[in-house]
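# Architecture at a glance
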Amino acid sequence: MSPRKLVPIGVFAAFMAAFPWIVAPFESVSHYTDVMVFAGIFCLVTIGLSLLMGFAGQISLAQAAFFGIGAYVSAILTGRFGWNPWAAMPAGAVVCAAVAWIVGVPALRLKGHYLAMATLGFGVIVHIILNEEVEWTGGPSGMVDIPGLSIAGTPLLSETAWYYLVWTFVAAALLFSYHVLHSRVGRALRAIHEEEKAAEAMGVPVASYKVQVFVYSAVLASLAGSLYTHYVTFLTPSSFDLMWSIRFVLMVVVGGMQSLWGALLGTVFLTFVGNEWLQVFADFEVLVYGAILLLVVLWVPQGLVVWMQERLRLRRAADLSRSE
Amino acid sequence: MDSIGFGAAWLQYALGGITVGAIYALVAIGYNIIYNVTEIINFAQGEFVMLGGLFAVFFHETCGFPMLPAFLAAVAAVALTGLILERYVIRKARHATVLSMIIITIAFSILLKGGAMLVWGRDPYRLPAFSGSGSILWNGVAIQPQALWVLAVSGTIVACLTIFFQRSVYGKAMLACADNPAAARLVGIPVRTMIFLSFMLSAAIGAAAGVAITPITLMEYDRGALLGLKGFGAAVLGGLGQFFGALVAGLLLGLAESFCAGYVSSGYKDAVALVLLLLALFFKPEGLFGSKEAAGLKRF
């Protein structure tokens, strides 16, 4: 990474680290730390989805299902079997990876519309299972009294502590994804997005890379689900339905599919829209999401972050040519 | 329960299965019409069914129209929605990638769903049956007259479509667009008009299915996605683009679902059609009646 790129990232990191202290003194926004915990959890999901959609060019409408599998595996292992949450989390990730692999191998041979429908169908099936297996999942009324997390014997109680934990996960996921994108694999993914047959001809193992990204995105979603479980300590299947899968796609698309920062910003923005600003108009929520998604795809298909970057670059170029 | 023997129960499930199956077949035909002309899968297809049912409730219950005008008005209103989708959304995005096109029709579908929730709220609505409310007892099987209406409506639509595509100039022009849009344009077929027609036609068919099924199952704002998904299952199973295949596959899905609800578990009945959809996509994406070469040529 060039030093010029590091400066804004450093400023961003400093802002994120100071965020709970910035909002704490102001009564009306002090609960933003709590909203940011949710935003961070969703960011884990959308970073994976951004890799899958923006870079490998494959759509998934099943991310809420993987999020749900992670959440329920954690909840069941800790609540029913008394596992340590830190052991249940990787267990959930392993289950998710296995499920994603089993579904992904045949599904990712499909393209475009077929892949979208296949992941959609899979997501709905998982949702039905969460509703029907009452003995394990509590059915539609859900599960309560799920234990919280603790680090080295100290239970994580404050929102600020959760904020740092969740965003540490996000930072790690970002860093890892960044390195994946700037490696051999990342270049291969972009080649697949550009033209699958050409990539195949150049010796890129297209099928296996696509499945690997799919599994990676499922694992991230599963970790997010585990964190979510232990943060809210109760679960109902309605948090993992089709609408949530569409929300995750929306978060990635609004920010910009082909940019990890886009996924990050889109997620934070839409979490605030959903959790904060639209609470008063709960009935409008679905309508507003549809409208935002439609407007963005029709008018700024590259996403807001990429659009702003392009505008900045244009202005800089214009300034340069004027000063010459 | 002794009076209802095994045979009667079997017949009862079969009848229920054929009724919902006919609806899935209509949804599948809706997908096929748009797909054939544009190679787009319209993710809002299920919402057309939902809107059809709710508009019929509006015209019949709120405005006090008799049933037939209410039916026609609901179909016209949803056809208008299809027109808006094509004219203001799809046409604007005609150069979009497949990924964007998927997201666009999904966005439109949640727009319709959100709109319906605002207008009609979250409660399910009932609509009286087209004729008579009691059920006819036949060989120990209770038949709802509305089930017969559903079959009659579906049968009429399939018959009309067959005549439309085989005899009328517009129908033949639409098939030509499906076959080869460039060649169709060269011989003077206004491809754009055909695309526009396909969206209206497919919305109208979805709406008719919605009106017909509402007296049996009620209708609420969030029914669209599942209906759409199952209809798509029927479309894939029958071979995408094939009308006859869609009909047979729709009925098969309906039967499978109904027997699962009767003999296995009613909670998992919705999953049956989806599992069949996944199996079809994974192992036989060209469908039961499509050819492998034709499937290879399709753009997704």
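What counts, and where the lines are drawn
Sequence order as written defines residue numbering, which begins from 1 separately in each chain. The order in which chains are written sets their letters, starting at A; the order in which ligands are written sets their numbers, starting at 1. Thresholds applied to this predicted model are a pLDDT of at least 70 for local features of residues and 80 or more for the giving and counting of side-chain atom pairs; totals over whole chains, interfaces and linings are not thresholded and use all residues. Only heavy atoms go into the side-chain values, all of them from the structure, while hydrogens and water stay out. The helix and strand labels rest on DSSP assignments: H or I over at least four residues marks a helix, E over at least two residues marks a strand, and numbering proceeds from the N terminus. Atoms counted for the radius of gyration: C-alpha only. Globule rule: 2.2 Å times the number of residues to the power 0.38. Three exposure classes are used, based on accessible area relative to the maximum for each residue type with a 1.4 Å probe and protein chains only: buried under 20%, partly exposed in between, and exposed over 50%. Any two residues whose heavy atoms approach within 4.5 Å are treated as being in contact. Only the protein chains shown count as cover for residues, and all accessible areas are computed by the Shrake-Rupley method using a 1.4 Å probe. Positive residues here are Lys and Arg, negative ones are Asp and Glu, while His and the chain termini are left out of the count. Here the site of a charge means atom NZ of a Lys, CZ of an Arg, CG of an Asp or CD of a Glu. Looking at any residue, its pLDDT shows the predictor's confidence there, from 0 to 100. In this description, buried area is defined as the sum, over both parts, of the accessible area (probe of 1.4 Å) that is lost when the two are combined. Only one rule defines a salt bridge in this text: a Lys or Arg side-chain nitrogen within 4 Å of an Asp or Glu carboxyl oxygen. Definition of a polar contact: a pair of N or O atoms within 3.5 Å, with one able to donate and the other able to accept a hydrogen when the atoms are protein atoms, and with sequence-neighbouring residues admitted only if both atoms are side-chain atoms. Only Asp, Glu, Lys and Arg are considered charged, only Ala, Val, Leu, Ile, Met, Phe, Trp, Tyr, Cys and Pro nonpolar, and every remaining residue, Gly among them, polar. Put simply, the grid is 1 Å and covers the protein atoms alone, a cavity is a trapped set of points that fit a 1.4 Å probe, a pocket is an open set with protein on both sides within 12 Å along at least five of seven lines, and lining residues have an atom within 4 Å of a point. Grid points are joined across faces, edges and corners, and a volume is the space filled by probe spheres set on the points.

### Here we look at the overall build of chain A
Along chain A, the regular secondary structure elements total 14 helices and 2 strands. Here the C-alpha radius of gyration of chain A, 20 Å, is about what a compact globule of 324 residues would show, namely 20 Å. Out of the 324 residues belonging to chain A, those deemed buried represent 55%. Contacts spanning at least 24 positions in sequence make up 78% of the contacts within chain A whose residues lie at least 6 apart. In the form shown here, chain A has an accessible surface area of approximately 14400 Å², with 67% of it arising from carbon and sulfur atoms. With 16 positive and 18 negative side-chain charges, chain A shows a spacing of 16 Å between the two charge centroids.

### Topic: the confidence of the model for chain B
Do not read the predicted coordinates in detail wherever pLDDT is low. All names here are of chain B. Chain-level pLDDT for chain B is 88 on average; 94% of the residues reach the 70-or-more range. Mean pLDDT across the elements of chain B bottoms out in helix H12 (residues 292–297) (50) and peaks in helix H2 (residues 45–62) (96). The model gives residues 296–300 a pLDDT under 50, and that stretch makes 12 contacts with residues more than four places away or in other chains. Across the whole predicted complex the pTM is 0.90, and at the interface the ipTM reaches 0.88.

### Looking at the interface of chain B and chain A
It is common to give the size of an interface as the accessible area that goes away when the parts come together. Counting from both sides, the interface comprises 44 residues of chain B and, opposite them, 43 residues of chain A. Buried surface at the junction of chain B and chain A, both sides included, amounts to about 3900 Å², of which 83% is carbon and sulfur. Counting every contact that joins chain B to chain A gives 0 salt bridges. Across the contact surface, chain B and chain A share 3 residue pairs in polar contact (both at pLDDT 80 or more). Listed by contribution, the elements that provide at least two residues to the side of chain B that touches chain A are helix H3 (67–90), helix H4 (98–120), helix H9 (224–237) and helix H11 (269–283) of chain B. The residue makeup of the side of chain B that touches chain A, split by class, is 35 nonpolar, 4 polar and 5 charged.

### Comments concerning empty space enclosed by the protein
Taking a probe equal in size to a water molecule and rolling it over the atoms shows the remaining empty space. If you walk through the whole model with that rule in mind, you get 3 cavities of 30 Å³ or more. Looking at the largest cavity, its volume works out to about 170 Å³. Contributing to the lining of the largest cavity are 16 residues, with Leu120 and Leu242 of chain A together with Phe43, Ser109 and Ala225 of chain B lying nearest its centre. The set of elements that each furnish at least two residues to the lining of the largest cavity consists of helix H5 (112–132) and helix H11 (242–255) of chain A together with H4 and H9 of chain B. Looking at side-chain class alone, the lining of the largest cavity contains 11 nonpolar, 3 polar and 2 charged residues.

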